[in-house]
Amino acid sequence: MTQSGMFDYSNLFASNAPTSTRSENLHAKYDFAVAYPDPDTLPLNELIDSLKIAIDREGRDLAYYPSPLGLPALRQLVSDKLARDRDIHVPAEDIVLTSGSGEAILMLIQALTNPGDVVLTEEYVYSGTLRQMKLFGSDVRSVPCDDDGLIPEALEDVIRKAESENKPIKYLYTIPCFQNPLGWTMSLDRRKNILEITRSHGIPILEDDCYVDLRFEGEDITSIHSLDDTGQVMYVGSFSKIVAPGMRLGYLVAPQEVRQRALSFKAGAANQFAALAVQEYLSSHLYSHIDDHNQALRLKRDAMVSALGENFGDAAEWTVPSGGLYIWMTMPEGTDLAAFQQQAFDEGVGYQNGTMFSPEGTGANCARLCFGHPDTKTITDGIAELANIMGRHGIIK
Ligand SMILES: Cc1ncc(COP(=O)(O)O)c(C=O)c1O
C-alpha cells in the first residue's frame, strides 16, 4: 500500500514500460499534425449497407472466436489485390489480418529483436514504428535519403559501421511509397539496389506499403517484395488509408517461419465485425473509392503547396509529393520548430516537428504538414495563419 492507502504498483512494472503516458489526441483549429483522412471522404452510407449485407449473410458466425489469421474472404481480397497491384503472389492462407498495420509491425519487432539489436531505417520515419522499436530496446540507426529514397552508398556505410562493431543487424524497415514523413517514393533502381545490398549482408527488409494506393500523379512502382524471390522481404499493408483508420485493419505477409513466430505475439484475431464490412464494401468499391479519395487529396496537396508559396516564399523549402498525405517543410538550420510547436498549437495551428520522426532526435528545423484531414479552405487559411504566427514570434523574419 502507498501512504494514501492505494495499492502500490510502482515496483511491478516491466523494465521497458515507459513512465510517459499516451494521451487523447488534441486538435488545433488548423490541424496539420494528424495523419487522418477527411471525414467527408469516408464512404459511411456504403459501409452501413455493406455491413448489413454481410451481417445478414454471416452474422451468426460472430458467435465463434474467429481464426487468428482473420476473415478468410478479406484475406482472399488482399491476396487478389496484392497480385494485381503489387505483383505479390501469395495465397490467402499466407496472409494474416491484423489490428491495423501497426499491430503487424509490432508483432514483427517482438518476433525479431532482442534489446540492443541494430535495426536500420530512413533518416526520418513514422513515429509509431520508431516508438515501438525503441520500446523493445532496438538500437535504431538511420540511413540518409534523397528524393529517390534511401541512398545506397549511405546504407552500405551504416551497415559496415554496425558490422565493425560486431552488432547484428536484424532488418531494414522502409516505407518506399509516399514515405511518412518525407513524402518521396523510392525509385525502381533504388529498390533493386537496396535489395541487393541488404541481401549481400544477410539483412531482411520490412516493407511498409501503407500509402501505396494514395497515388494521385505518376506511375506506380512495383513493390520491393516483388523483386525478391528468396523470402527476404516481409510486407505490411493497411486499410486505414483506403477505408478508415477507425476500422483498425491491416495485414502481414511474410515467410511461414516468420509469420508463425510473429503470430505468437498477436493478442487475438483482427476484428471480424469490421472485417465483414470492409470485405463486403471493397469487393465492389475498391478502385472507385480510391479514385474519389485521391482526387480530393490532389486538390488538398495543391492547396497546401500554393499556400506555402504565397505565405512562406523563400523562408522555407517544401516537398511536392505525388501521393500520400504529407508535405515535409525545411527551414534554415537553427530554426527551432520543436520548441515552437506548442506555441503554434496554442495559437491554433498543429504540425509535427522533425525530431519526432528522427531516430537520433535531429530535424528541429523541419516539420511534417499533413493535408489529408482539413478541407482546401482550411488548408489555405491555416498555412497563412502558421506564417502569421511564425512572423509574430520572429521565426520568419
Ligand atoms: C508508415 C505507416 N505505417 C503504419 C501505420 C499504422 O497504420 P495502421 O495501424 O492504422 O494501419 C502508419 C500510420 O499512420 C504509417 O504512417
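Residues numbered from 1 in each chain as written. Predicted model: local features only at pLDDT ≥ 70, side-chain atom pairs only at ≥ 80, totals over all residues. Heavy atoms only, no water.

**Description of the overall build of the chain**
Just so we agree on the cut-off: For the purposes of this entry, the term helix denotes a DSSP run of H or I that reaches at least four residues, the term strand denotes a run of E that reaches at least two, and both are numbered from the N terminus. For this measure, only C-alpha atoms enter the radius of gyration; the expected value for a globule follows 2.2 Å times N^0.38, where N is the number of residues. Each residue is placed in one exposure class: buried if its accessible area under a 1.4 Å probe, protein chains only, is under 20% of its type's maximum, exposed if it is over 50%, and partly exposed if it falls in between.
Within the chain, the secondary structure is distributed over ten helices and 15 strands. For the chain, the C-alpha radius of gyration of 22 Å lies close to 21 Å, the compact-globule estimate for 397 residues. Along the longest, intermediate and shortest principal axes, the C-alpha atoms of the chain span 65 × 60 × 55 Å. By the burial criterion, 51% of the 397 residues in the chain qualify as buried.

**Describing the site of the ligand**
Put simply, the rule reads: The criterion for a residue being near a molecule or strand is simple. One of its heavy atoms has to lie within 4 Å of it. Pairing of N or O atoms within 3.5 Å defines a polar contact, subject to two protein rules: one partner must be a possible hydrogen donor and the other a possible acceptor, and residues neighboring in sequence count only if both atoms are side-chain atoms. Here, Shrake-Rupley sampling with a 1.4 Å probe gives the accessible areas, and only protein chains in the shown set may cover a residue.
In the vicinity of the ligand there are 15 residues, among which Ser101, Asp208, Tyr211, Ser238 and Ser240 approach most closely. Asp208 is positioned such that a nitrogen or oxygen atom in its side chain is 2.6 Å from a nitrogen atom of the ligand. At 2.6 Å from an oxygen atom of the ligand is found a side-chain nitrogen or oxygen belonging to Ser238. Alone, the ligand offers 400 Å² of accessible surface; in the complex the protein occludes 93% of this. Of the residues forming the shell around the ligand, the biggest block, four residues, is contributed by helix 3 (residues 100–112).

**Details of the environment of Thr376**
Position of Thr376 relative to the elements: it lies in helix 10 (residues 376–392). Residues Thr376 and Leu299 lie 77 residues apart in sequence; the distance between their C-alpha atoms is 7.1 Å.

**Remarks on helix 6 (residues 188–200)**
Because each turn of an α-helix spans 3.6 residues, side chains separated by three or four positions in sequence point in the same direction. Here is the rule: Here the expected span of a helix is defined as 1.5 Å times the quantity of residues minus one.
The terminal C-alpha atoms of helix 6, which comprises 13 residues, lie 19 Å apart, in line with the 18 Å expected from a rise of 1.5 Å per residue. Along helix 6, the residues classified as buried are Arg190, Arg191, Ile194, Leu195, Ile197 and Thr198. Where helix 6 terminates, the next one or two residues include Gly202, which has phi positive at roughly 70°.

**Digging into the sheet that holds strand 11 (residues 317–318)**
Within a beta sheet, neighbouring strands are joined by backbone hydrogen bonds and run either parallel or antiparallel to one another. To keep it simple, the criterion reads: We treat two strands as partners when DSSP finds at least two bridges between them. By definition, residues are in contact when any of their heavy atoms lie within 4.5 Å. Orientation is described by axes fitted as lines to C-alpha atoms, over the contacting stretch for helices, and by angles from 0 to 180 degrees between their N-to-C directions.
As summarised here, the arrangement of the four strands in space is 11-12-15-14, forming an open sheet in which the pairing is antiparallel. Only two strands of the sheet have a single neighbouring strand rather than two, namely strand 11 and strand 14 (352–353). One ladder, built from two bridges, connects strand 11 with strand 12 (residues 326–330); its direction is antiparallel. Counted as the bridge partner of Trp318 is Met329 from strand 12. Together, strand 11, strand 12 and strand 15 (366–370) form the strand contacts of helix 8 (residues 272–312), whose direction differs from that of strand 12 by roughly 20°.

**Some remarks on the packing of aromatic side chains**
Applicable threshold: Under the pairing criterion, centres of Phe, Tyr and Trp rings, with the six-membered ring standing for Trp, must be within 6.5 Å; the plane angle then separates stacked pairs below 30 degrees from edge-to-face pairs above 60, leaving the rest tilted.
Counting across every chain of the model gives six aromatic pairs. Aromatic side chains Tyr124 and Trp328 sit 4.9 Å apart centroid to centroid with 45° between the ring planes, which places their arrangement in the tilted category. Separated by 204 residues along the polypeptide, Tyr124 in the loop between strand 3 (118–122) and helix 4 (127–135) and Trp328 in strand 12 bring together distant segments of the chain. Judged by relative accessible area, which is 6%, Trp328 ranks as buried. Counting every residue linked through ring pairs, the aromatic cluster contains Tyr124, Trp328 and Phe357.

**What about the side chain of His293?**
Mapped onto the fold, His293 is located in helix 8. A relative accessible area of 6% means that His293 is categorised as buried. Filtering out sequence-adjacent residues up to four positions away, His293 remains in contact with Pro37, Thr41, Leu214 and Lys241.

**Some words on the nonpolar core**
Formally: Here, the term nonpolar core denotes a set of buried Ala, Val, Leu, Ile, Met, Phe, Trp, Tyr and Cys residues that are joined through side-chain atoms within 4.5 Å. What marks off one domain from the next here is an automatic or database domain assignment.
If you look at the biggest cluster of nonpolar residues, it comprises 90 residues, and the most contacted ones within it are Phe239 and Phe312. Among the elements that line this core, the one with the most residues is helix 8, at 14 residues. Inspection of this core shows a minimum of three residues originating in each of domain 1 (30–43 + 288–392) and domain 2 (45–283). Those residues in contact with Phe312, other than ones at most four positions away along the chain, are Ala307, Trp318, Met329, Met331, Ile383, Leu386, Ala387, Met390 and Ile396. Listed in part, the 26 residues of the second largest apolar core include Val118, Ile194, Ile205 and Val233.

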